[in-house]
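# Understanding the architecture of this molecule
If you want the building blocks of each chain, they are given just below.
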Amino acid sequence: KCGGLIKYGGLSGRNGGAIDIGFMQVWTHSVYTSVAMKGVTVIKIFLVFPPGTKWLGSPPLGLGYIASVLEQEGHDVKILDASLEKKDIDEVLAEIETYSPDLVGAMVYTALYAQAKEILKRVKREFPQIVTVAGGPHVTVLPEETLRDM
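Here's what I pulled together on the structure shown here. Predicted model only: the values in this text are computed from it and were never measured.

Thresholds applied
Residues numbered from 1 in each chain as written. Predicted model: local features only at pLDDT ≥ 70, side-chain atom pairs only at ≥ 80, totals over all residues. Heavy atoms only, no water. Helix = DSSP H or I, 4+ residues; strand = E, 2+ residues; numbered from the N terminus. Phe/Tyr/Trp six-rings, centres within 6.5 Å; stacked < 30°, edge-to-face > 60°. Buried < 20%, exposed > 50% of the residue type's maximum accessible area, 1.4 Å probe, protein only. Core = buried A, V, L, I, M, F, W, Y, C linked by side-chain atoms within 4.5 Å. Contact = heavy atoms within 4.5 Å. Expected span 1.5 Å × (residues − 1).

### Points about the environment of I119
- Within the secondary structure, I119 is located in helix α4 (residues 113–126).
- Taking C-alpha positions, I119 is 9.7 Å from P51, a pair spaced 68 residues apart along the chain.

Okay, structure coming up:
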């Protein structure tokens, strides 16, 4: 654990990444750190709000804030609100494959935890070159459990 950031896997093995347990600044720092270790300067980032039937009251503004900061730094960012667009996990994975990002980040609410977990696990299995990052309220409240489970 370092400065509110839990990192796992480095970038060795099948995948690496970070789980954010704090503010957007820590999250974006983890993105830069993870991808910079690969020697990439401009990266393609796919941010996803998981699919589900539960409406949580507002759009995923956090993903918009993160995307804005990353775009200002010159990175290519795509956001998919799979709940709003009523996409299932297979459709999310198809969009990830088409976009071919360097990094996939998922917003994790407890109500949609299972879906976020499945997306990130499948990304790690099907696209081992992609760095995965999870963040959001669930990760903030249960960082160690999320790290062990994802």
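### Things to note about the packing of aromatic side chains
- Scanning the model with the defined rule gives two aromatic pairs in all.
- Ring plane angle 50 degrees and centroid distance 6.0 Å describe the contact between F46 and Y99, whose orientation is recorded as tilted. With F46 in strand β3 (residues 44–49) and Y99 in helix α3 (residues 89–99), this residue pair connects regions lying 53 residues apart in the sequence.
- Centre to centre, the rings of F49 and Y109 are 5.5 Å apart; their planes meet at 65 degrees, and the pair counts as edge-to-face.

### Points about unusual backbone geometry
- The residue K86 is not glycine, and still its phi comes out positive at about 55 degrees.
- Mapped onto the fold, K86 is located in the loop between β4 (76–81) and α3.
- Taking relative accessible area as the criterion, K86 reaches 72% and is therefore assigned exposed.
- Within the chain, S100 stands out as a residue other than glycine whose phi angle is a positive 55 degrees.
- Here S100 lies in the loop between α3 and β5 (103–107).

### Remarks on the nonpolar core
- One finds V48, I96, V104, I119 and V123 to be the most contacted residues of the largest nonpolar core, which totals 22 residues.
- In this view, V48 contacts L63, L80, V92, V104, G105, A106, M107 and I119; residues no more than four positions away in its chain are not counted.
- With 14 residues, the next largest nonpolar core counts F49, A67, V77 and L112 among its residues.

### Some details on the side chain of R122
- Relative to the helices and strands, R122 is located in helix α4.
- Given a relative accessible area of 15%, R122 falls into the buried group.
- Among all residues touching R122, those that are not within four sequence positions of it are I89, D90, L93 and F127.

### A short note on α4
- Over its 14 residues, α4 runs 20 Å from end to end, which matches the ideal 20 Å to within 8%, given 1.5 Å per residue.
- Within the span of α4, buried status applies to Y113, A116, I119, L120, R122, V123 and K124.

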